[in-house]
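Listed here are the chains, written in short residue letters.
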Amino acid sequence: MSQDDKTSKPWGGRFTESTDRFVELFTASVKFDQRLYPHDISGSIAHARMLGRVGVLKQEDTEKIIAALEQIRREIDSGDFRWSDALEDVHMNIEARLIELIGETGKKLHTGRSRNDQVATDMRLYLRTEIDSILVILQKLQSALLDIAEREAGSVMPGFTHMQVAMPVTLGHHMLAWFEMLERDRQRISDCRRRVNVMPLGSAALAGTTFPIDREYTAQLLGFASPAENSLDAVSDRDFVIEFCACAAITMTHLSRFSEELVLWSSSRFDFIELPDSFCTGSSIKPQKKKPDVPELVRGKTGRVTGDLISILTIMKGQPLAYNRDNQEDKEPLFDTVDTLSGSLRVFADMMPSVRIKHEQMRNAAKQGFSTATDLADYLVRKGVAFRDAHEIVGRAVRFCIEAGQDLANVSLDKLQEFSSVIDKDVFDFLTLDGSVSARSHTGGTAPEQVRMAAQRARIRMENSA
Ligand code: ARG
């Protein structure tokens with residue numbers, strides 16, 4: 001566009017000078033906000049219908065506007081639409097095309113509305129749609145984890161504290177820990193959706209409009225639970241974006257921790273799992289390498305989502321009421337968060353079912369580090385020894401094992417009795433890995449039967465709140 005086309009701008013009336021070309025580019029958002037187009041069009045159609053119903057628009061104008069908007073939707077869908085940065089944003093690009101198509105009638109659509117309530121509505125419609133698909137992928141990943149939990153309810157692996165082998169646990173139990181984190185994430189995101197699903201449209205620039213609009217009707221057409229209560233709040237509020245980004249940052253933090261484990265577990269030091277080939281890459285120089293790119297990238301991408309949250313919080317912190325152009329900066333962080341979160345969830349949901357478990361290696365690793373020492377202490381307590389004394393006795397037995405290069409479960413009964421006379425041959429039921437995990441049989445414990453029941457309950461919980 002040239003310097004003298006100021007008249008082509010929908011707001012050009014008040015201006016005598018045309019916009020500086022660089023300022024035009026600097027202020028334009030159409031490069032990134034064009035992804036809002038399906039929602040912008042749905043919002044406009046609902047607005048036009050409402051104006052028709054209350055008699056602000058003639059019925060034939062309403063129909064004309066709606067038909068043209070549907071045509072624009074098709075043009076954009078098929079890639080035939082020419083976006084112009086001189087027209088700033090998605091809203092004005094679509095409106096300009098509408099006017100091009102139906103002339104004077106097209107100019108009536110913006111009655112009783114402002115871009116301020118329009119963009120806030122578009123963002124909410126967009127986020128609501130994205131949340132719905134994110135919740136589906138999240139559930140898919142959760143079900144994959146429940147499948148593993150059920151399959152591996154009896155598979156023994158080391159449980160860690162401080163990255164040191166602490167006690168044997170079951171792999172099923174370990175998977176359920178990740179499930180629980182994601183279940184809280186799912187609940188948080190569903191709850192956030194309730195606050196997203198409120199309609200700003202009708203707030204106009206900030207104070208409402210003089211036309212006899214019916215906001216309840218527009219809200220109903222767009223599937224919003226209700227119109228927003230306060231017009232000033234509705235055009236300026238972006239805490240629904242902050243809230244979603246915060247939920248996403250927590251979920252990504254969970255996925256990042258999970259990724260870290262998968263990276264460690266697939267390394268030759270651990271060798272607990274093998275990631276599917278289709279989720280790894282090779283090295284251009286070391287032919288033996290198979291790199292866990294997917295979990296590494298998810299771990300890495302967590303940084304940008306946390307960054308997006310900080311961006312949107314910072315964008316909002318200095319803004320007085322009501323709408324300020326700062327708000328245009330809400331889009332890129334939100335879009336980036338949506339893309340990163342849904343991509344990361346999808347790749348995890350696809351990858352987890354084909355992770356190969358190396359049961360022997362996991363079990364052998366659980367034998368290291370005297371992981372059943374606590375079981376021996378608990379055994380002594382059950383035989384009447386005070387816990388502090390039991391702790392001391394087991395400490396001495398462990399020191400003996402370290403010096404003798406032995407595992408607790410392999411020490412002879414005679415030798416064990418030197419440490420405490422209350423020890424009997426039934427002690428070995430508790431010193432084995434399976435004995436140790438089976439003994440932790442209560443709600444939330446690692447015993448295989450508890451894991452099976454917990455997985456069943458988890459499935460019901462998830463399905464009931466879907
Ligand atoms: N592109 C703008 C945004 O994203 C639309 C609203 C513009 N409103 C205004 N008063 N300039 O926020």
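Preceding this section is the structure that the text describes.
Rules of the game
Residues numbered from 1 in each chain as written. Predicted model: local features only at pLDDT ≥ 70, side-chain atom pairs only at ≥ 80, totals over all residues. Heavy atoms only, no water. Helix = DSSP H or I, 4+ residues; strand = E, 2+ residues; numbered from the N terminus. Buried < 20%, exposed > 50% of the residue type's maximum accessible area, 1.4 Å probe, protein only. Lys, Arg positive; Asp, Glu negative; His and termini not counted. Salt bridge = Lys/Arg side-chain N within 4 Å of Asp/Glu carboxyl O. Contact = heavy atoms within 4.5 Å. Near = heavy atom within 4 Å. Polar contact = N/O pair within 3.5 Å; in protein donor to acceptor, adjacent residues only side chain to side chain. Areas by Shrake-Rupley, 256 points an atom, 1.4 Å probe, with all protein chains shown as cover. Phe/Tyr/Trp six-rings, centres within 6.5 Å; stacked < 30°, edge-to-face > 60°. Lys NZ or Arg CZ within 6 Å of the ring centre and 35° of its normal. Axes fitted to C-alpha atoms, helices over the stretch in contact; angles between N-to-C directions. Parallel < 35°, antiparallel > 145°, perpendicular 65-115°, else oblique. Left-handed = near helix turned anticlockwise from the far one by under 90°. Nonpolar A, V, L, I, M, F, W, Y, C, P; charged D, E, K, R; others polar. Core = buried A, V, L, I, M, F, W, Y, C linked by side-chain atoms within 4.5 Å. Disulfide = S-S within 2.5 Å. Pairing = 2+ DSSP bridges. Expected span 1.5 Å × (residues − 1).

Student: Is there a simple way to think about the side chain of arginine 128 in this case?
Tutor: Tracing the sequence through the fold places arginine 128 in helix H6 (residues 115–151). One buried charged side chain, arginine 128, makes no salt bridge at all; its nearest oppositely charged neighbour is aspartate 132, positioned 5.4 Å away. If we ignore the near neighbours within four places in the chain, the residues touching arginine 128 are Arg193, Val196, Asn197, Leu222, Gly223 and Phe224.

Student: What is the right way to read the site of the ligand from this model?
Tutor: Around the ligand, the structure places Ser29, Asp89, His91, Arg115, Asn116, Val119, Tyr323, Arg325, Gln328 and Lys331. Contact distances for the ligand include 2.4 Å between an oxygen atom and a side-chain N or O atom of tyrosine 323. One nitrogen or oxygen atom from the side chain of lysine 331 is found 2.6 Å from an oxygen atom belonging to the ligand. The fraction of the free accessible surface of the ligand (340 Å²) that becomes covered by protein chains is 87%.

Student: Hey, could you run me through the packing of aromatic side chains in this one?
Tutor: The geometry of two aromatic rings is summed up by the distance between their centres and the angle between their planes. Scanning all chains against the criterion turns up 11 aromatic pairs. When the centroid spacing of 6.2 Å and the interplanar angle of 35 degrees are considered together, the rings of phenylalanine 22 and phenylalanine 26 count as tilted. One end of the pair, phenylalanine 22, and the other, phenylalanine 26, are both in helix H1 (residues 21–27), four residues apart, so they sit about a helical turn from each other. Comparing phenylalanine 22 with phenylalanine 26 shows no difference in burial state: the two are exposed. Ring geometry for phenylalanine 400 against phenylalanine 419: centres 6.0 Å apart, planes inclined by 55 degrees, an arrangement best described as tilted. Here phenylalanine 400 is found in helix H15 (residues 387–404), whereas its partner phenylalanine 419 is found in helix H16 (residues 413–419), with 19 residues between them in sequence. Given a relative accessible area of 22%, phenylalanine 400 falls into the partly exposed group. An aromatic cluster of at least three residues, connected via ring pairs, comprises Phe160, Trp265, Phe270 and Phe272. Positioned above the aromatic ring of phenylalanine 15 is the side chain of arginine 14, whose terminal nitrogen or guanidinium carbon lies 6.0 Å from the ring centre. Looking at arginine 124, its charged tip hangs above the ring of phenylalanine 240, at a distance of 4.0 Å from the centre.

Student: Which parts of the structure should I look at to understand the packing of H6 against helix H10 (residues 239–266)?
Tutor: Packed helices, taken two at a time, are described by the angle between their axes plus the distance between the axes. With their axes 12 Å apart at the nearest point, H6 and H10 run at an angle of 25 degrees to one another. Here H10 runs roughly parallel to H6, going by the angle between their axes. Crossing of H6 over H10 shows left-handed handedness. Across from Ala120, Met123, Arg124, Leu127, Ile131, Ile134, Leu141 and Leu145 in H6, the residues of H10 making contact are Phe240, Val241, Phe244, Leu255 and Phe258. Tallied by class, the residues present in the contact of H6 with H10 amount to 12 nonpolar, no polar and one charged.

Student: I tried to follow the nonpolar core on my own but got confused; where do I start?
Tutor: The tendency in soluble globular proteins is for nonpolar side chains to be buried as a group. Residues Phe244 and Met352 are the most contacted members of the largest nonpolar core, which totals 93 residues. Examining the composition of this core, we find that 15 residues originate from one element, H6, more than from any other. In this structure, methionine 352 is in contact with Leu141, Ala144, Leu145, Ile148, Met175, Phe258 and Leu262, ignoring residues within four places of it in sequence. Within the second largest apolar cluster, 20 residues are counted, among which are Ala373, Leu376, Leu380 and Leu416.

Student: Is there a simple way to think about the state of the cysteines in this case?
Tutor: A covalent bond bridging the sulfur atoms of two cysteines is what the word disulfide describes. Summed over all chains, the structure comprises zero disulfides. A disulfide-free cysteine, cysteine 192 has its sulfur positioned 4.7 Å from the sulfur of cysteine 247, the nearest such atom. In this structure cysteine 192 comes out as buried when scored by relative accessible area, which is 1%. Of the cysteine sulfurs around cysteine 245, a residue in no disulfide, the closest is that of cysteine 192, at 9.1 Å.

Student: What's the story with the pairing of strand S2 (residues 164–170) in this structure? I'm lost.
Tutor: Consecutive residues of a regular strand have side chains that alternate between opposite faces of the sheet. Across six bridges, the pairing between strand S1 (residues 156–161) and S2 is antiparallel. What sits directly across from methionine 157, in S2, is valine 169. Where S1 folds back on S2, the antiparallel hairpin that results is connected by two residues, among which histidine 162 adopts a positive phi of roughly 55 degrees.

Student: Would you mind going over helix H19 (residues 448–464) with me for this structure?
Tutor: Residues that lie three or four places apart on an α-helix share one face, since the helix turns once every 3.6 residues. Helix length check: H19 (17 residues) gives 24 Å between terminal C-alpha atoms against 24 Å at 1.5 Å per residue, within 8%. Buried residues belonging to H19 abut H6, S2, helix H7 (171–196) and helix H18 (433–439).

Student: Explanation requested: unusual backbone geometry in the structure shown.
Tutor: In this structure, the amide linkage connecting leucine 321 to the following residue, alanine 322, adopts the cis form with an omega of 0 degrees. Along the polypeptide, alanine 322 turns up in the loop between helix H11 (293–317) and helix H12 (331–351). Backbone geometry at methionine 163 places phi at a positive 60 degrees, although glycine is not the residue there. Along the chain, methionine 163 falls in the loop between S1 and S2. Of note, phenylalanine 370 is a non-glycine position whose phi angle comes to about 50 degrees, a positive value. Here phenylalanine 370 is to be found in the loop between helix H13 (359–367) and helix H14 (373–382).

Everything listed is a geometric property; what it means functionally is a separate question.
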